[in-house]
Structures are given as C-alpha cells and as structure tokens.
Amino acid sequence: MTTISAAGLAQADFQLAAPLKDRRIVVAMSGGVDSSVVAALAARSGAEVIGVTLQLYDHGAKAKRVGACCAGQDIKDARAVADRLGFAHHVYDHESRFRDTVIDQFADEYLNGRTPIPCVRCNMGVKFTDLFALARELGADCLATGHYVRRVKGPNGAELHRAVDPARDQSYFLFATTQDQLDFLRFPLGGMEKSLVREIARDLGLGVAAKPDSQDICFVPDGDYATLVRKLRPEADDQGDIVHVDGTVLGAHKGLIHYTVGQRRGIEIGGQAEPLYVVRLDASAKQVIVGPRRALAVSGARLGEANWLGAADGREVLAKVRSMARPVPARIAGDRLIFAAAEYGVAPGQAAVLYDAADQSRVLGGGWIEETFAADGA
C-alpha cells in the first residue's frame, strides 16, 4: 500500500466495531470518483464489500453524458471498479420510482410556481430510503456513500456535520437524513479534501480517477430544465401577466417555469426607475410579481416537512436558505423560521437548513420553505 492510500485509509473511518474482517459494508456506487474511492477504502479496510448501484434513468444520449450519474456509462464505470477491486456489484432498476418521486415532482413544483431541489428529494427517497432497505436486506453493518459530510459520534448519538472541505460540503442537500438513517450511514470522505480523493483513485489505478464531477441536475441534459418540464407538463409554458407589486400590469411573461424568486435577468421590462426582481410567483393567476430589491426582503418563513437531528425549537441557529447562500442568524419558533435581519431571495420550494449557532458545523435539521413573510417596509 502506498503512502497516499495509507493516508486516505487512515482518514476513512467507517466507525464499525473491530475486527473489520467480520463486517459487511454496502457501498452506494454512482460510477463517479467519490463513491469509487469509498468502495476502494472499504475493501482496503478488510471488511466484506458489496457495491450497489441504482439505475435511475436511461434516456438515450443522457445515459452517456459526461457529468451524469446513475445511468448507462456510470453503471459500467461502477462495475469496472468493483471488478478491479474484487467485490460483488449489484444494479437495481429504480427508474419508475425515480420518475414518480423525483422527476414528476420536479415538474409539478415548477408548475406550482415553486423552485425545486430534486437532489434533496432523491436523497430523501430513492437513494437513502431504498438503498437503506437494500443494504439491510444484504445483511450490511452500514451503508457507505461518497457524500462530503461528516458523521460525528455525539453524546446523544450520531450527528451530521459539515465536511472538512468547504468547497465540497453537501450538508445542505442531506438535511432530510433521518436519525435512523444516520445511525446506519457512513460518510468516509467527509474528513478529506477532494484532491486527496483523486490522488487515491489515481494511485489505485481506478479508471474513474479523472472523471468529471456530476454537474447540474442529473436527469436534465445540458441544464435545459424548461424543455423537460414542458415535455412533462405542457401547460407550464402558458403565458400570463408580469405585475408590479403596486398592481400595475407591466407586460407578459413566457411561462412561470422561466422565473424564480430573486431573479433579475430575463424579466425584459424596461423604462423603470429601479431594477426589477421577481418577488413571487402566483401560479393560480399565472402571474409573475416583480418589484424593486427592497420588495424581496422577508422577515421569516414557514417550514414544512421538517426533519430534526437535534433540538432547534427556541434556539439561535444559522439558516442556509439556498445551496450557495451564506448561513445567517435566525431562530426557530414552531414551524416558523425568523431571521435576525431581513433576508432576500427566499424562494418557496427551496430548503432552509439549520446549523447550530454554538457549533457551526453541526446540522440540526431543516424543512421546506412553504411561504415567506414580508419584512416591514418591504
């Protein structure tokens, strides 16, 4: 074993009781470099390893698209890694369930004037729930994935924490992981930098060592989600009015699917004293409501489908309301998220993920933004 692999193995804590030769690790393999390295590290640990891949879609050219996951070429890549490392690999067809629980809901959310996050829905359902069940059926001691988050043993059980590499942290997308799932899951890459992961893959001669990371939404070719939504829900392209927050009709829009809260570009309404932003979408009236930036200010939001991994009610927290947003001070009161200062661009359909203000790496949970409350003067 080389120095790089030894360093990686030392950091890859599967948090299983010794001896590992008596343990069975099921690895969720998407065909990318991250899950492949997890599988390699699991195999090097001495445990029995079984690779599992869910085929989630196989739509012609998309199955071969660089930067996808869980489709044609990716399944071949996962199998090649398993063959090289000498462990069993199984593929399960979950395409219909993925379509029903992720793709169709993605289209419906846009139709309802919301901004969806299909990656979270996929983790909540097909990936963690279904893989969890499969791993249990295979007699696994744990299910390991290539996500960049950390599972930390706390005084009251397993906790979910941010990854060491902030550029790779995926905790926002895993807020809906339940405590039962977290007890069984392992994230051995959470303590590593991405550069080390690729070095390990190169050192072990894995064919995916230089494979690009997944980009955009896996089932949307070239990021053109509007075409997919139109195909599934033709009515999503219905036109309607662009209305100023003061009630003035300013023009016509080309379909709600082309707009999201906080958007500035693409409104195409000129002659205004101030730049216009999308303030909200009224699906029932097929209206895009626009206004100046101050109209975007919200004081809080109501959360639905909340999932808690730690006590949050009544506590000071840091709230992240978009995947690329900076966490901001807030507090929780029941199903209400109350910001310490006005927040902008908070869109229904997105997730609000809450971190412990006292330990900013720890995920306390979160929920889906159902509605927002305008700040005073907005």
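Quick note: structure is the one above.
Residues numbered from 1 in each chain as written. Predicted model: local features only at pLDDT ≥ 70, side-chain atom pairs only at ≥ 80, totals over all residues. Heavy atoms only, no water.

(A) Quick peek at the overall build of the protein. Of the regular secondary structure elements, the protein holds 8 helices and 17 strands. If you line up the protein on its principal axes, its C-alpha atoms span 70 × 50 × 35 Å. Residues classed as buried in the protein amount to 53% of the 378 residues present. Of note, the protein has its 44 positive side-chain charges centred 3 Å away from the centre of its 47 negative side-chain charges. (Helix = DSSP H or I, 4+ residues; strand = E, 2+ residues; numbered from the N terminus. Buried < 20%, exposed > 50% of the residue type's maximum accessible area, 1.4 Å probe, protein only. Lys, Arg positive; Asp, Glu negative; His and termini not counted. Charge placed at Lys NZ, Arg CZ, Asp CG, Glu CD.)

(B) Main features of unusual backbone geometry. The step from Ala18 to Pro19 runs through a cis peptide bond, and the omega angle for that step is 0°. As for its position among the elements, Pro19 is in the loop between helix H1 (3–11) and strand S1 (24–28). Even without being glycine, Gln15 reaches a positive phi, approximately 50°. Here Gln15 is to be found in the loop between H1 and S1. Here Gln15 falls in the buried class, since its relative accessible area comes to 16%. With phi around 60°, Glu268 is a residue other than glycine that occupies positive phi space.

(C) Inspection of the pattern of salt bridges at higher detail. The final tally for this structure, using the stated rule, is 20 salt bridges. In this structure, Asp130 engages Arg97 in a salt bridge whose closest nitrogen and oxygen atoms are separated by 2.6 Å. In this pair, Asp130 is assigned in helix H5 (residues 118–137) and Arg97 in helix H4 (residues 95–111), connecting sequence segments 33 residues apart. Here Arg114 makes a salt bridge to Glu370, at a shortest N to O gap of 3.4 Å. Here the residue Arg114 occupies a position in the loop between H4 and H5, and Glu370 occupies one in strand S17 (residues 362–374), the gap between them amounting to 256 residues. Overall, Arg114 belongs to the buried group, its relative accessible area being 15%. Each of Asp34, Arg168, Lys194, Arg198 and Asp213 takes part in one network of salt bridges that share partners. (Salt bridge = Lys/Arg side-chain N within 4 Å of Asp/Glu carboxyl O.)

(D) Quick peek at the pairing of strand S12 (residues 298–308). In the sheet, S12 pairs with S17 via 8 bridges, with the strands oriented antiparallel. Bridged to Gly300 within S17 is Phe373. Where S12 lies against strand S15 (residues 336–343), 4 bridges are found, and the strand directions are antiparallel. Counterpart to Val298 in the pairing with S15 is Glu343. (Pairing = 2+ DSSP bridges.)

(E) Fine view of the nonpolar core. In terms of nonpolar packing, the biggest core is built from 52 residues, with Val26, Phe98, Leu143, Leu160, Phe187 and Phe219 touching the most fellow members. Per element, the largest residue contribution to this core is 8 residues, and it comes from H5. Residues Leu16, Val37, Ala39 and Ala82 belong to the second largest nonpolar core, which totals 32 residues. (Core = buried A, V, L, I, M, F, W, Y, C linked by side-chain atoms within 4.5 Å.)

(F) Layout of H5. Its 20 residues place the ends of H5 27 Å apart at the C-alpha level, agreeing with the 28 Å of an ideal helix rising 1.5 Å per residue. By the largest-angle criterion, Met124 marks the main kink of H5, which is about 30°. In the stretch just after H5, Gly139 is the one whose phi turns positive, near 75°. (Expected span 1.5 Å × (residues − 1). Bend = angle between axes of the 7 residues up to and from the residue.)

(G) Representation of the packing of H4 against H5 within the structure. One way to put it is that H4 packs onto H5 with a least axis distance of 9 Å and a crossing angle of 165°. By the angle class used here, H4 and H5 are roughly antiparallel. Crossing of H4 over H5 shows right-handed handedness. Contacts from Arg97, Phe98, Thr101, Val102, Gln105 and Phe106 of H4 reach H5 at Pro118, Arg121, Cys122, Gly125, Val126 and Asp130. Split into classes, the residues belonging to the contact of H4 with H5 amount to 6 nonpolar, 3 polar and 3 charged. (Axes fitted to C-alpha atoms, helices over the stretch in contact; angles between N-to-C directions. Parallel < 35°, antiparallel > 145°, perpendicular 65-115°, else oblique. Left-handed = near helix turned anticlockwise from the far one by under 90°. Contact = heavy atoms within 4.5 Å. Nonpolar A, V, L, I, M, F, W, Y, C, P; charged D, E, K, R; others polar.)

(H) Structural detail: the packing of helix H2 (residues 33–44) against helix H7 (residues 194–203). The interhelical angle for the contact between H2 and H7, taken along N-to-C directions, is 65°, at an axis separation of 9 Å. Handedness of the H2/H7 crossing: left-handed. Packed against H2, whose contacting residues are Val33, Asp34 and Val37, the element H7 presents Lys194, Val197, Arg198, Ile200 and Ala201 at the interface. Residues that form the contact of H2 with H7 fall into these classes: 5 nonpolar, no polar and 3 charged.

(I) Geometry of the packing of aromatic side chains. For the structure shown, the criterion picks out 7 aromatic pairs. Centroid distance Phe132 to Phe184: 5.0 Å. Interplanar angle 70°. Geometry classified as edge-to-face. Of the two residues, Phe132 is situated in helix H5 and Phe184 in helix H6 (residues 179–184); the sequence distance between them amounts to 52 residues. For the pair Phe132 and Phe184, one class covers both residues: buried. When the centroid spacing of 5.7 Å and the interplanar angle of 70° are considered together, the rings of Phe175 and Trp368 count as edge-to-face. Taken together, the residues Phe175 in the loop between strand S6 (157–162) and H6 and Trp368 in strand S17 connect sequence positions 193 residues apart. (Phe/Tyr/Trp six-rings, centres within 6.5 Å; stacked < 30°, edge-to-face > 60°.)

(J) Representation of the side chain of Gln350 in the model. Tracing the sequence through the fold places Gln350 in the loop between S15 and strand S16 (351–356). By relative accessible area, Gln350 is classed as buried at 11%. A polar side-chain atom of Gln350 sits 3.1 Å from the main-chain carbonyl oxygen of Thr115. Beyond its immediate chain neighbours, meaning those up to four positions away, Gln350 contacts Thr115, Pro116, Ile117, Tyr172, Val321, Arg322, Gly367, Trp368 and Ile369. (Polar contact = N/O pair within 3.5 Å; in protein donor to acceptor, adjacent residues only side chain to side chain.)

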